[in-house]
Amino acid sequence: TDKKISVIQDLLPLLEQVQLDAGAVKLTDVRDTAQAIDAAIESIRSGENQILMKGTVSTGTLLKHALDRTRGLNIGRLASHLIVLQIPGLDRLLISTDGGLNIAPTLTEKADILRNAIDVARALGIETPKIACIAPSEQLLPSVISSTEGALLAKMGDRGQLGNVIIDGPLSLDVALYKDVAEHKKVKGSSVAGDPDCLLFPNLESANVFFKSVTHLCGGELAAMVAGTKVPCVLTSRGDTSKTKLYSIALACLAVKQ
């Protein structure tokens, strides 16, 4: 059709820019958004493609199809959103989760969120990831859910229930990130405090505010994806930079190779 020819003509200069042959691109005629998503998902289920990436469709619409239990990319584990951050002054990448999908996860759901983060950490070459369960204080506060659940997740880590990983919690954000703060507060016996690979936040609000503060106020860079599905799902925001989108695709490619 004329429309298809027009799309190909628009794509050709972009393909040349990234040194891809036109034969590497397949265009599929669809009637609407739902059919476009279903066609993309089916191409993954058939083994033709290995990454699902959001275009101009809404995140909610995409996830409704992608997480469908019968026709989607569900693998029987809770899917979660995670961010890999490059923070000025920090000597390593830092994984933050879950700031975009699960609003108020339960203890069981947090365990799945951790499993997803551990998979991504391994894709980044971290064989034994160190995870900090973030709470308002490093002291165990029985009345604070994030505190008690952080302690329970740490015990699950100690007993090998989440694989080859080191988990500590509860830890306040400053204790988790800075060894001198941990020493000043006399936090003893923690191999995570001051040296985490991943921060597990208690809810979506806290994780979302954290990564946006890092990127917008501190000049950090990020890559983002949904894990816990058959393949990585890249869900960039309309406000994300081209660099963020590139980093997110690169992260998804690493996760596929894992």
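Conventions we followed
Residues numbered from 1 in each chain as written. Predicted model: local features only at pLDDT ≥ 70, side-chain atom pairs only at ≥ 80, totals over all residues. Heavy atoms only, no water. Helix = DSSP H or I, 4+ residues; strand = E, 2+ residues; numbered from the N terminus. Rg over C-alpha atoms; globule rule 2.2 N^0.38 Å. Buried < 20%, exposed > 50% of the residue type's maximum accessible area, 1.4 Å probe, protein only. Polar contact = N/O pair within 3.5 Å; in protein donor to acceptor, adjacent residues only side chain to side chain. Contact = heavy atoms within 4.5 Å. 1 Å grid on protein atoms, 1.4 Å probe; cavity = no way out; pocket = protein on both sides within 12 Å on 5 of 7 lines; lining within 4 Å. Points joined across faces, edges and corners; volume = space filled by probe spheres on them. Nonpolar A, V, L, I, M, F, W, Y, C, P; charged D, E, K, R; others polar. Phe/Tyr/Trp six-rings, centres within 6.5 Å; stacked < 30°, edge-to-face > 60°. Core = buried A, V, L, I, M, F, W, Y, C linked by side-chain atoms within 4.5 Å. Pairing = 2+ DSSP bridges. Right-handed = clockwise from strand over helix to strand, strands pointing away. Axes fitted to C-alpha atoms, helices over the stretch in contact; angles between N-to-C directions. Parallel < 35°, antiparallel > 145°, perpendicular 65-115°, else oblique. Left-handed = near helix turned anticlockwise from the far one by under 90°. Expected span 1.5 Å × (residues − 1).

**Student:** Even after reading the chapter, I still don't get the overall build of the protein, so can you show me in this structure?
**Tutor:** In terms of helices and strands, the protein carries nine helices and eight strands. Over its C-alpha trace the protein gives a radius of gyration of 20 Å, about what one expects of a compact globule, namely 18 Å for 258 residues. The principal-axis extents of the C-alpha atoms in the protein amount to approximately 70 × 40 × 30 Å. Taking all 258 residues of the protein together, the buried fraction comes to 42%.

**Student:** Sorry, what's going on with the side chain of Ser 137 here?
**Tutor:** Within the element layout of this structure, Ser 137 appears in the loop between β4 (130-134) and α5 (145-158). A distance of 2.9 Å separates a polar atom in the side chain of Ser 137 from the backbone nitrogen of Gln 139. Once residues lying within four places of it in the same chain are set aside, the contact partners of Ser 137 are Pro 170, Leu 171 and Ser 172.

**Student:** Can you walk me through the layout of surface pockets in this structure?
**Tutor:** In this approach, a probe sized like a water molecule rolls over the atoms, and the result shows the empty space that is left. Taken as a whole, the second largest pocket spans an internal volume of roughly 540 Å³. Within the residue set of the lining of the second largest pocket, elements represented by two or more residues are α3 (59-66), β2 (80-86), α8 (204-217) and β7 (221-227). No other element matches α8, which puts five residues into the lining of the second largest pocket. Here the residues of the lining of the second largest pocket are counted per class, giving eight nonpolar, 13 polar and five charged.

**Student:** Sorry, what's going on with the packing of aromatic side chains here?
**Tutor:** Pairs of aromatic rings are described using the distance from one ring centre to the other and the angle between the two planes. The final tally for this structure, using the stated rule, is one aromatic pair. Summarising the aromatic geometry, the rings of Phe 201 and Phe 210 are spaced 5.0 Å apart at their centres and angled 35° between planes, so their arrangement reads as tilted. As far as burial versus exposure is concerned, Phe 201 and Phe 210 are alike and both buried.

**Student:** Could you clarify how one ought to interpret the nonpolar core in this entry?
**Tutor:** Side chains of a nonpolar character, in soluble globular proteins, are inclined to be buried together. The biggest cluster of nonpolar side chains holds 24 residues, and the ones touching the most others in it are Leu 82, Ile 95, Val 120, Ile 131, Leu 162 and Ile 167. Of all the elements in the fold, those that place two or more residues in this core are β2, α4 (107-123), β4, α5, β6 (198-200) and β7. Per-element tally for this core: the top contributor is α4, with seven residues. The contacts of Ile 167, once residues within four sequence positions are left out, are Leu 114, Ile 131, Cys 133, Leu 153, Ala 154, Gly 157, Leu 162 and Val 192. Counting residues in each nonpolar core, the second largest holds 21 residues, with Val 175, Phe 201, Val 214 and Ala 224 among its members.

**Student:** Where do I start with the pairing of strand β5 (residues 166-171) in this structure?
**Tutor:** On a regular strand, one side chain projects to one face of the sheet and the next to the other, so that they alternate. In terms of residue burial, β5 counts as a mostly covered element, since five of its six residues are buried. Direction of pairing for β4 relative to β5: parallel, over a ladder of four bridges. Looking at β5, one finds that Ile 134 is bridged to Leu 171. In this view, the connection linking β4 to its parallel neighbour β5 by way of α5 has right-handed handedness.

**Student:** Just checking my understanding: could you explain the packing of helix α2 (residues 33-45) against α3 for this structure?
**Tutor:** Axes are the key here: two packed helices are described by the angle between their axes and the distance separating the axes. Following both chains from N to C, one finds α2 and α3 inclined at 45°, their axes separated by 10 Å at the closest point. The angle between α2 and α3 falls in the class oblique. For the pair α2 and α3, the sense of crossing is right-handed. Residue-level contacts link Thr 33, Ala 34, Ile 37, Asp 38 and Ile 41 of α2 to Thr 61, Leu 62, His 65 and Ala 66 of α3. Of the residues that constitute the contact of α2 with α3, the class distribution is five nonpolar, three polar and one charged.

**Student:** Please explain α4 as it appears in this structure.
**Tutor:** When the terminal C-alpha atoms of α4 are compared, their 25 Å separation across 17 residues agrees well with the 24 Å that a helix rising 1.5 Å per residue should span. Summarising burial for α4: 12 of the 17 residues are buried, a large majority. Residues of α4 that are buried: Lys 110, Ala 111, Asp 112, Ile 113, Leu 114, Asn 116, Ala 117, Ile 118, Val 120, Ala 121, Arg 122 and Ala 123. Residue Gly 125 follows α4 closely and has a positive phi angle near 90°.

That is the geometry; function is a separate question.
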